[in-house]
Each structure stands twice: as structure tokens, then as C-alpha cells.
Amino acid sequence: MLPRPRALRRPLSGSGRSRVRLALLGWRGPWACVCVALLGLGLGLGHGRAVLADMEDEPPAEALEPAGPDDPTEGPDAANEANGANEDHGDDGATDDGQDTAGDGGSLDGGSLDEAALPGPRLQDGVLPCGLRVIVAQDASLPVAAVVLAIETGTEDDPPSQAGLVHALAYHLLQGNRELRPAGAAAMVHDQGGITSLAVGPAQVRFETLAPISALDDVLWIESQRLRAPTVSAELWGSTLRWARRDGSRAWRAPRAAMAAAHGVPELEHDGRVVTPALEAMVPRAIGQALADRFRYEQATLIVVSPHRPPKLRERIEALFADLPAQPRRVRDRSPRWRTGTVPQALEIPGEAGGRFVWPVAPDPASLAQATVWCKALNRQRRLPGEPARARLRCHLDVDPRRATLVLHATGVDDPKALVQARTERLERGEDDVLVERQREGLRRAWSQELRSALPLAQRLAWTSPGAADPESSAPGWRARPVSALTGLAQLSVSWRGRGFGAHLQPGAAVVLVPAPKEPAPKEPAPKEPAQ
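Overview of the structure. Please read these numbers as outputs of a predicted model, since none were measured by experiment. (Residues numbered from 1 in each chain as written. Predicted model: local features only at pLDDT ≥ 70, side-chain atom pairs only at ≥ 80, totals over all residues. Heavy atoms only, no water.)

### Some remarks on unusual backbone geometry
To keep it simple, the criterion reads: Where helices and strands are cited, they refer to DSSP runs of H or I of at least four residues and of E of at least two residues respectively, numbered from the N terminus. Relative accessibility thresholds used throughout: buried, under 20% of the residue-type maximum; exposed, over 50%; partly exposed, between the two (1.4 Å probe, protein chains only).
A positive phi is found at Ala-183, a non-glycine position, where the angle reads about 65 degrees. By the secondary structure assignment, Ala-183 is in the loop between α4 (165-172) and α5 (184-191). By relative accessible area, Ala-183 is classed as buried at 3%.

### With respect to the sheet that holds strand β3 (residues 133-138)
Test applied: For two strands to pair, DSSP has to find at least two bridges joining them. As a rule, the C-alpha atoms of each element are fitted with a line to give its axis, helices using only the stretch in contact, and angles between N-to-C directions run from 0 to 180 degrees. For this analysis, residues touch if any pair of their heavy atoms sits within 4.5 Å.
A sheet is described by the order of its strands in space; here 7 strands give the open sequence β5-β6-β4-β7-β3-β2-β13, paired in mixed fashion. Every other strand in the sheet has two partners, leaving β5 (195-200) and β13 (477-482) as the edge strands with one partner each. Adjacent strand axes in the sheet meet at a mean angle of 15 degrees when their direction is disregarded. As paired elements, β3 and strand β7 (residues 300-306) share 6 bridges and run parallel to each other. In the strand pairing of β7, Val-136 is matched with Val-304. Together, β2 (122-127), β3, β4 (144-151), β6 (205-212) and β7 form the strand contacts of helix α15 (residues 454-462), whose direction differs from that of β4 by roughly 20 degrees.

### Some words on helix α11 (residues 310-320)
What counts is decided by this rule: Taking the helix axis as origin, the arc is that swept by the directions to the C-beta atoms.
Among all positions of α11, only Pro-310, Leu-313, Ile-317 and Leu-320 are buried. Projection of α11 onto a plane perpendicular to its axis shows the buried side chains occupying an angular sector of 75 degrees, all on one side. Exposed positions of α11 whose direction lies more than 90 degrees from the buried face are Lys-312 and Glu-315.

Listed below in C-alpha cells is the structure:
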């Protein structure tokens, strides 16, 4: 076993608040200002990640969904009501004659790229003998390093009788193990001027760190220890559940029932951020077994972005995991169950006004890029001459690395499905190619600027397909791959003229939300006549 990092042997003192304050801990004068500026730039355009404070004093910051902006399809140039901008899309109670088909996990139009012909910088993508996938990229813009450990499990993997289990277990991994005291990982990072955060989603959990390059060895050592024999006790579990209770549920554009129906995953319907009596009753042995079953290195990906050259850095990473037993890589295919047919699947939702359609988005950055471009284009289409003056179609995107959904809402028309079909067919026929190209180029520039920083680049690389359907990605060994292919920039860098939606965004592949019938109010019994 490698020796403990020197930072861990130092006595830890002071409260979490004092350590988080400026995240500098004893750095004074101009060096403190320089470090604040570098870490601020390292955060890029910002993803709303919160710092994990010392958990002895207060709970960690709210666990964030692995998402970018709340709605990347919104923008200052969105068409307004005066020019007939499109709004959300829906249907009014059509019956379902579609069929489910297994998804391919690829982009929305099923396109593929020849990675060998792509220009630009390369990264190292490999699988260690222990089953851990490692992605190492170089970013020399600042002397900071971003490290992300992404585990391919999430709230949809909760047992039916234990809602919120994965969410609570993710928090419990902050309680340390035989090498780290409770909250020791966050303290080590904060003590050296870094920040950490936790992201819990329906199908992915991420531990994210941004730190000066001088702390990179310590951060890598932390991630090599995080999943090894976590400390479990009744006292620590009670503290974990207190933190989990303070992490509120995420607000989605689509109801959870609609997300579950669109992706073909019934487990998405429950709220995965609750603390139930079943969790409170768990004993340490059951907690340890649940951690061992759901948080394993063979179903995780380690992403490292730093100024170091990938071949040299990868040797240091291999040494940290060399003592783990050999395991085959084990990840689930999170591709949606794509529907086919011509009629959307109707889903009754209590209180629904109607007119909303929901599509699943494949779990990779390229598909998310395509969905974002289509959504932006739909929001900026002008009203057709024959459409009613009040016809509106608005598109929204629920961003998630594995369970993203596209929501269209049609209003002001008697037949929402006809409005959606007419607008999407304009894009399919290429009548709005100029509009689509403008949105594609705008998104390409925005992503290119955002991914120039270490942490946003590491987060985006964590969104790449886990390799469940690609045997080459799951086989041990290393290969050089273009950064643009794994971040979605390659798909945004080519013209989309004449490029249609494909079958995955046709109305028949959607779930339409319809109002649930109201139950008749119970009749009150007739008053009895008074006895004579």
C-alpha cells in the first residue's frame, strides 16, 4: 500500500467554515489573491457547484444534479410572441399504437464519426485491470487540476422498499474509511486551497474536485481510497441521513412519471432524495453490503484534467490502483427504450392541462448537443401563415448525463400534435436550415469557450457514454482519442444542412401528457328523518 499523503498526517484543526473561507487556510497576502483568481478561472463559466464544508460543524452543501444550466435552450435571441416563437409540445389523448425498441445509446440521428480523422488534441482513455475506466486530458491554461470520480449508479437503482438509498450512500462515502477520518477527504482538499462537490443524479453519482496542481497527488490518492471499505457505524449513518434530508429534490420540467415512461424505466418515477423509515432502520452490516454492491471501481470512471502530459500522469494513476484485484468492467446500458410508431403514448397526469410531449435523449454529449440545437431552433421558428395567431410552441431540455428529456409544449391550438408535426417537419425538410445552422454554431462557440477550463471539461468528459455497448471501451488497455469526440464538439463542428431529426424525435416516439379523469365526488348520504 502506498504511504499516506503528508497532508493527512498533519493535525486538522479549526472549523469547516474557517477552512472554506476563501479556501486558502493560512495563505496570506498576494498569494491568496492569486489562488482565488486561478480557482475562479478554473471553474469556467460556472456549473453552480457548491463547496463541501467540514461535516463536523455543518452538513455538506446541497448535492447537485449532474447538469449544466437549468435550460440551455433559453437565450436572449429566442423568438417572442410577436413573431410566433414555438412553445412546449403536447398531444390531447391519442391512444398508443407504438412499440418499444432497445436503444443504441448513440446520437439522436444514429450518426457516427471517424475518430482517427478528427483534428485537435488527444486524450488517454483506458481501462485498468481492476475495471476502472480512466480518462486523462491535458489543460495547460492554469496551474490547477480537476478530478472527477463518476460512478454509474443513481437514484433509479434504489430498491423498491428503500427509496433514497443511493442518495444516502453517496453522502456516506464522505465519512471516510480506514485511511481517512470522517470528512477527511474534503478537509485535505480545502486545506490545500481546493474545492469539492457532490452530484447525485438518476443514473450517475460524481465526486468533483478542483485543486492546485501541487495537491494533485493527494486528490488522486483520495479517489483511489474513496470506495475501499468505507467506515460504517450507527452514529455515522445517523449523521449521513441528517445531511441527506437537507438535500432537496430537483425540479424537473417533466413530471417524474413522464420521464419514467419516456425512458422506459419505471424506477425513475420515485423521488430518490427522500429519507424514509426503512433507511433509518438499516443496521451497519446492511449499509456496508449496500455500499459494496453499488459503489465499485469496475462501474466507475476517473477523469483527470491537468497541465501534466497524459502518458506520464497515467503511470501515476496505474500505481495507485495496482493493488486492487482484477475485475471485468461492469456498467449498465442506460440507453432509452426508443418507441416507434405514428401515435404518441398517452400518459394520464393529475392536474395536467395537456399539450405537452416528452422525448428521451440518449446518454452522451453528442445527443445532448443535438437536442439542444433542435430545441433552440424550435424556440425561434416563426409562425406559419396558416397557423392561428395564438399558436405557440415552447421547447425545454431537462439536462442530465444519463436521463435527459426534451419537452415540447403546444398552446393556442385545438390540435397540439398537428402543430408539433408541422413545425418539426419544417426542420426535417430543411426549410429552416439557416436557423438550425445559426443555433449549431452558437452552441459550438459556447461549448468551446466553456470547455477551455479544467473543471467544466472534466464534468463534460464524465458525461461520455460509459462504454456498455462498446466492447473496445470496456477492454483493458489504453488508446488515444480526440477530445472533441468525447465532448460533443466534433458533432457541432460540421454542417447540419439537410440533416433530419431521425426516428427518435418523431411524434410517435414521444409520450404525451393528458389530464387524468377526475374521480366523482362521493355522494353525501341523505339526512335521516327525525323519529315521530
